[in-house]
2 protein chains.
Amino acid sequence: MRSVSIISAGMTTFGSFPERNIRHLACEAGNAAITGAGISAQQLEALYLGNFAGPSFTGQSHLAPWVGAGLGLDSVPCTRFEAACASGGAALFHAWTAIAAGAYDMVLVVGVESMTPQSTAKTTEILSAAGDVTSEAAIGATFPGLFGLIASRHMHKLGTTREHLAAVAVKNHANGMLNPRAQLRKAITIEKALAARPIAEPLTLYDCSLISDGAAAVVLCATKRAEEFTDRPVRVLGIAQASDRLALHEKDDITTFPAVRQAAQQAYQMADVAPRDIDFAELHDCFTIAEIIALEDLALFARGEAGPASLERKTARNGKLPINTSGGLKSKGHPVGATGVAQACEVFWQLRGEAGERQLSRAAIGLTQNLGGSGATAVVGVYSR
Amino acid sequence: MRSVSIISAGMTTFGSFPERNIRHLACEAGNAAITGAGISAQQLEALYLGNFAGPSFTGQSHLAPWVGAGLGLDSVPCTRFEAACASGGAALFHAWTAIAAGAYDMVLVVGVESMTPQSTAKTTEILSAAGDVTSEAAIGATFPGLFGLIASRHMHKLGTTREHLAAVAVKNHANGMLNPRAQLRKAITIEKALAARPIAEPLTLYDCSLISDGAAAVVLCATKRAEEFTDRPVRVLGIAQASDRLALHEKDDITTFPAVRQAAQQAYQMADVAPRDIDFAELHDCFTIAEIIALEDLALFARGEAGPASLERKTARNGKLPINTSGGLKSKGHPVGATGVAQACEVFWQLRGEAGERQLSRAAIGLTQNLGGSGATAVVGVYSR
């Protein structure tokens, strides 16, 4: 397999933009990536579009050629990839596969979601379809409920506390304050998070990520050609996608996601790095408990230790292992299909020293982890300069 | 790029099965392909799932890992591909790309759709999202209307007649009579087709394909390993996917689909065959006019000659160039996401001499053509023993 690099990244601000259609969002991010790479759209050999539920949120299917034509791509394959909340990661993984294996030299990956055209109730219903509808959504187990169960079990089994969860929220809100593209730029305290209204026991309002509109894009290029376009390509050292069963009740242990462990193991091995080599990471904090479990599944902390580490600020921007410098899904926002690609954007900017006020002083190796549903899809990537 | 082969095919009967869920359909076809290859599910390195609108038709997203777990796949990447009515073709094309480029040796491709859980009115609305919703569906231009416009223009510009269209329907119904997996096994006459109730001028009931439930699957394998599993692999000589603008009003000429011409040119070149080398083909006859245009865009007949050729029975099963021996979308049925994969199944069976009563006497090189929407996606494949 050939080495693959990201040569540019583009992103809309994440937020509530009900007046902007999904194609506008995708094209803003895509054009930013194309311009950033100093290329013309006609040089791109394919479009990999990550989108979870555009048809349900906006009524429009067949999004990929629609976006491709809007960007001026030249009749090349334009395809939508859907893997629930890991749709962006799945698009990125398949684009990487095609270049790594030698099918293309340069492609565009765009992730997009437009959620605010629907009501919150309808949005909850659409999102719930990422779980097993028959055994979960049909009995009212939407995602806050499922992750509430997961959090309760993690607290019972591994000693995680509500303060640990709140610490994740406080940190990600603090990071989002420094990201001009973040949706919710608002500092909170542990006390405020704990006192917020309950959503699904034991999760409160600040344990939950946002409902967002937005898009993110990267241009992927065979590393051997990357220097034609930039003197600072960001290499994909390793990337893997893995799957698991859809329903929570089919899992042996709901405090860990086997697909994340599997994808991480493959990505670490491909990258030839160990967890201790990771300098920073963008993790899928759809709920605060998901960040804690990701830290453990990625072997960045031992089981049961990610909660205390979060409270001890080890994952803060100035801590030992900065997590979600972008603000994460909690504060930057979570336009579902965009998230996996937006994580790659943040790692790209950090590794190139272009992260502005939130720039890390040490950023040599970064990791991304994108989760679909309650763990049935996972994509993990490891990147370096 | 490495040579890739199909080593087995599996398919459900197409029909109206509102009592069967989408996972059951996908797993029946997938298991048939796995069993046919004489492999275990754990040997498959990825699942490529073509599905157009499972979330809209059935309420369930995140279908790929759900189907993968149902089939017993071993935590490998399971991803859904959506490109409207070419979703199956897109899944097949990306699976081919990954093996051809050396990323995997053996993967499963499944196409599936479950449409009958929704009313016909709702189904029409869901399907219309494959066109430009804002400029087409919103003003009532659903697909029968769009293809009615296309047919009218083709008749005006190229002399195609309603008898030509009816001849396509009569032939595909006759072929479907011989296919035990076809949904509508009913012989019709030109007179009956012409006298049927109008759907969208100039199209009548028998010019339109069916609303169907069903699934199809193939196991793709690197050719160099194919002989471990079968002594009669079917080689993918060439395959390509291309894109075009979504809305009909954005096209220069609505009597031809540039994406089909582009994909065909690439597939012929890759296969190193000319249109005259094709012995038979499975074409995307979502409406009878679409088969006529496909014959012309694929350069199997000159522009304006496909209609007369159809009436002269040149495309009949015992004609010079048999088209849609399976019965096509018209008679076999059109479970949207399954169609592109089902076309590959028919070509596989014909090339291996396993097509039963409808077996062709000369079948050395076969072609498939899968169309998304009103031409914004096209996938063309060329196959041989």
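Presented here is an overview of the structure given in this document. (Residues numbered from 1 in each chain as written. Chains lettered and ligands numbered in written order. Predicted model: local features only at pLDDT ≥ 70, side-chain atom pairs only at ≥ 80, totals over all residues. Heavy atoms only, no water.)

### Observations concerning the overall build of chain A
At step 1: Helix and strand counts for chain A stand at 14 helices and 11 strands.
At step 2: Taking 385 residues into account, the globule formula puts the C-alpha radius of gyration at 21 Å, and chain A, at 19 Å, falls close to it.
At step 3: For chain A, with 385 residues in total, the buried portion stands at 68%.
At step 4: In chain A, once contacts between residues fewer than 6 apart in sequence are set aside, the share between residues at least 24 apart is 78%.
At step 5: Surface summary for chain A: the accessible area is close to 11,800 Å², and the carbon and sulfur share equals 50%. (Helix = DSSP H or I, 4+ residues; strand = E, 2+ residues; numbered from the N terminus. Rg over C-alpha atoms; globule rule 2.2 N^0.38 Å. Buried < 20%, exposed > 50% of the residue type's maximum accessible area, 1.4 Å probe, protein only. Contact = heavy atoms within 4.5 Å. Areas by Shrake-Rupley, 256 points an atom, 1.4 Å probe, with all protein chains shown as cover.)

### Points about the pairing of strand E8 (residues 234-243) of chain B
Residue and element names in this part refer to chain B.
At step 1: For E8, the buried fraction is high: nine of the 10 residues fall into the buried class.
At step 2: As defined by bridge partners, strand E1 (residues 4-11) adjoins E8 across three bridges and the pair is classed as antiparallel. The residue bridging Val 4 from the neighbouring strand is Val 236, located in E8.
At step 3: Two elements, E8 and strand E11 (residues 377-384), share eight bridges in a ladder whose sense is antiparallel. Residue pairing in the sheet places Arg 235 in a bridge with Ser 384 of E11. (Pairing = 2+ DSSP bridges.)

### Notes on the packing of helix H7 (residues 162-176) of chain B against helix H11 (residues 288-297) of chain B
Residues and elements named next belong to chain B.
At step 1: Between H7 and H11, the least distance of the axes is 8 Å, while the angle of their chain directions is 100 degrees. Judged by the inter-axis angle, H7 sits roughly perpendicular to H11. Facing His 164, Leu 165, Val 168, Ala 169, Lys 171 and Asn 172 of H7, the residues of H11 in contact are Thr 288, Ile 289, Glu 291 and Ile 292.
At step 2: Of the residues belonging to the contact of H7 with H11, the class tally is five nonpolar, three polar and two charged. (Axes fitted to C-alpha atoms, helices over the stretch in contact; angles between N-to-C directions. Parallel < 35°, antiparallel > 145°, perpendicular 65-115°, else oblique. Nonpolar A, V, L, I, M, F, W, Y, C, P; charged D, E, K, R; others polar.)

### Points about the relation of the copies chain B and chain A
At step 1: For the pair chain B and chain A, the best superposition has an RMSD of 0.0 Å and corresponds to a rotation of 180 degrees with a translation of 0.0 Å parallel to the axis. What the superposition gives is, in effect, a two-fold axis relating one chain to the other.
At step 2: A share of 100% of interface residues in chain B that are also interface residues in chain A marks the association as one of identical surfaces. (Least-squares fit on C-alpha atoms with pLDDT ≥ 70 in both.)

### Points about helix H6 (residues 143-158) of chain B
All names here are of chain B.
At step 1: Across its 16 residues, H6 extends 22 Å between first and last C-alpha, which sits within 8% of the 22 Å expected from 1.5 Å per residue.
At step 2: Restricting attention to buried positions, one finds in H6 the residues Phe 143, Leu 146, Phe 147, Gly 148, Ile 150, Ala 151 and His 154.
At step 3: Buried residues along H6 sit in contact with helix H5 (120-128), strand E5 (198-200), strand E6 (203-204), H11 and strand E10 (365-372).
At step 4: The first or second residue beyond H6 is Gly 159, which carries a positive phi of 80 degrees. (Expected span 1.5 Å × (residues − 1).)

### Observations regarding the environment of Ile 293 of chain A
Residue and element names in this part refer to chain A.
At step 1: Mapped onto the secondary structure, Ile 293 falls in helix H11 (residues 288-297).
At step 2: Relative accessible area serves as the criterion here: at 0%, Ile 293 is assigned to the buried category.
At step 3: Along the primary structure Ile 293 and Gly 89 are separated by 204 residues, whereas in three dimensions their C-alpha atoms are 18 Å apart.
At step 4: With residues up to four places along the chain from it excluded, the contact list for Ile 293 reads Ile 150, His 154, Ile 254, Thr 255, Thr 256 and Phe 257.

### Things to note about helix H10 (residues 258-271) of chain B
Residues and elements named next belong to chain B.
At step 1: Here H10 is 14 residues long and its end C-alpha atoms lie 20 Å apart, about the 20 Å a rise of 1.5 Å per residue gives.
At step 2: Buried residues in H10 make contact with E8, H11, E10 and E11.
At step 3: Looking one or two residues past H10, Asp 272 carries a phi angle of roughly 55 degrees, positive in sign.

These results come straight from atomic positions and should not be treated as a statement about function.
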